[in-house]
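The chain contents come next:
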Amino acid sequence: MKNAIITIVLLVVSNIFMTFAWYGHLKLQQMKIISSNTPLYAVILLSWGIALAEYSCQVPANRLGFAGNGGAFSLMQLKVIQEAITLIIFTVFTVVFFKGEALQWNHFAAFVCLIAAVYFVFMK
């Protein structure tokens, strides 16, 4: 049980870094911290730097959580958990940092489908 909780926490932290690595530069551009003229290679290097922190949590989470290593989850379960966490983190990020992005009914429908995916992947 302890490994399962640590795995989930590491996946959450990893996904926070991942979301900032993938989409944070858009917010930095809105805030005028970087400009639209900032070279793409500079934005990529910044994102890679953030992604290093993401991988530093993601890889141990998968290694610790994988049933083949004594963890609590199958490979498929790990992936579906990670996708569900990604969607939750991305939604919070979007609502908090990008005020113009509104949640709509189809987004909630997608969430329900993802919750169903988590349910089905854990079925015996």
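One can find the structure itself at the top, above this paragraph.
All values derive from a computational prediction rather than experimental measurement. (Residues numbered from 1 in each chain as written. Predicted model: local features only at pLDDT ≥ 70, side-chain atom pairs only at ≥ 80, totals over all residues. Heavy atoms only, no water.)

**Brief notes about the overall build of the chain**
- Helices and strands together make up the secondary structure of the chain, namely four helices and zero strands.
- Order of helices (α) and strands (β) in the chain, N terminus to C terminus: α-α-α-α.
- Looking at the chain as a whole, 30% of its 124 residues are labelled buried.
- Across the chain, contacts joining residues at least 24 apart in sequence account for 72% of those joining residues at least 6 apart.
- Carbon and sulfur atoms provide 73% of the accessible area of the chain, an area that totals close to 8300 Å². (Helix = DSSP H or I, 4+ residues; strand = E, 2+ residues; numbered from the N terminus. Buried < 20%, exposed > 50% of the residue type's maximum accessible area, 1.4 Å probe, protein only. Contact = heavy atoms within 4.5 Å. Areas by Shrake-Rupley, 256 points an atom, 1.4 Å probe, with all protein chains shown as cover.)

**Brief notes about the packing of aromatic side chains**
- Applying the stated criterion to the full structure yields nine aromatic pairs.
- Ring plane angle 90° and centroid distance 5.9 Å describe the contact between Phe108 and Phe111, whose orientation is recorded as edge-to-face. Here Phe108 and its partner Phe111 are both found in helix H4 (residues 105–122), three residues apart, which amounts to about one turn of the helix.
- Overall, Phe108 belongs to the partly exposed group, its relative accessible area being 44%.
- Ring centres 5.3 Å apart and planes at 70° place the aromatic pair Tyr119 and Phe120 in the edge-to-face group. (Phe/Tyr/Trp six-rings, centres within 6.5 Å; stacked < 30°, edge-to-face > 60°.)

**Quick word on a nonpolar patch on the surface**
- There is a patch of nonpolar side chains on the surface, built from Ile16, Phe20, Ile88, Val92, Val96 and Phe97 and spanning about 490 Å² of accessible area.
- Of all the secondary-structure elements, those providing two or more residues to the nonpolar patch are helix H1 (2–30) and helix H3 (75–97).
- Among the elements that make up the nonpolar patch, the one with the highest residue count is H3 (four residues).
- Its location among the elements puts Val92 in helix H3. (Patch = residues over 30% accessible without salt bridge, like charges linked within 9 Å, V, L, I, M, F, W, Y side chains within 5 Å. Salt bridge = Lys/Arg side-chain N within 4 Å of Asp/Glu carboxyl O.)

**Remarks on H4**
- With 18 residues, H4 ought to run about 26 Å at 1.5 Å a step, and its terminal C-alpha atoms sit 26 Å apart, in line with that.
- When we look at burial in H4, the residues that qualify are Phe111, Leu114 and Val121. Down the axis of H4, the buried side of the element spans an arc of 90°, and every buried residue falls inside it. The exposed residues of H4 that point more than 90 degrees off its buried face are Trp105, Val112, Cys113, Tyr119 and Phe120.
- In this structure, the buried side of H4 is in contact with H3. (Expected span 1.5 Å × (residues − 1). Arc of directions from axis to C-beta.)

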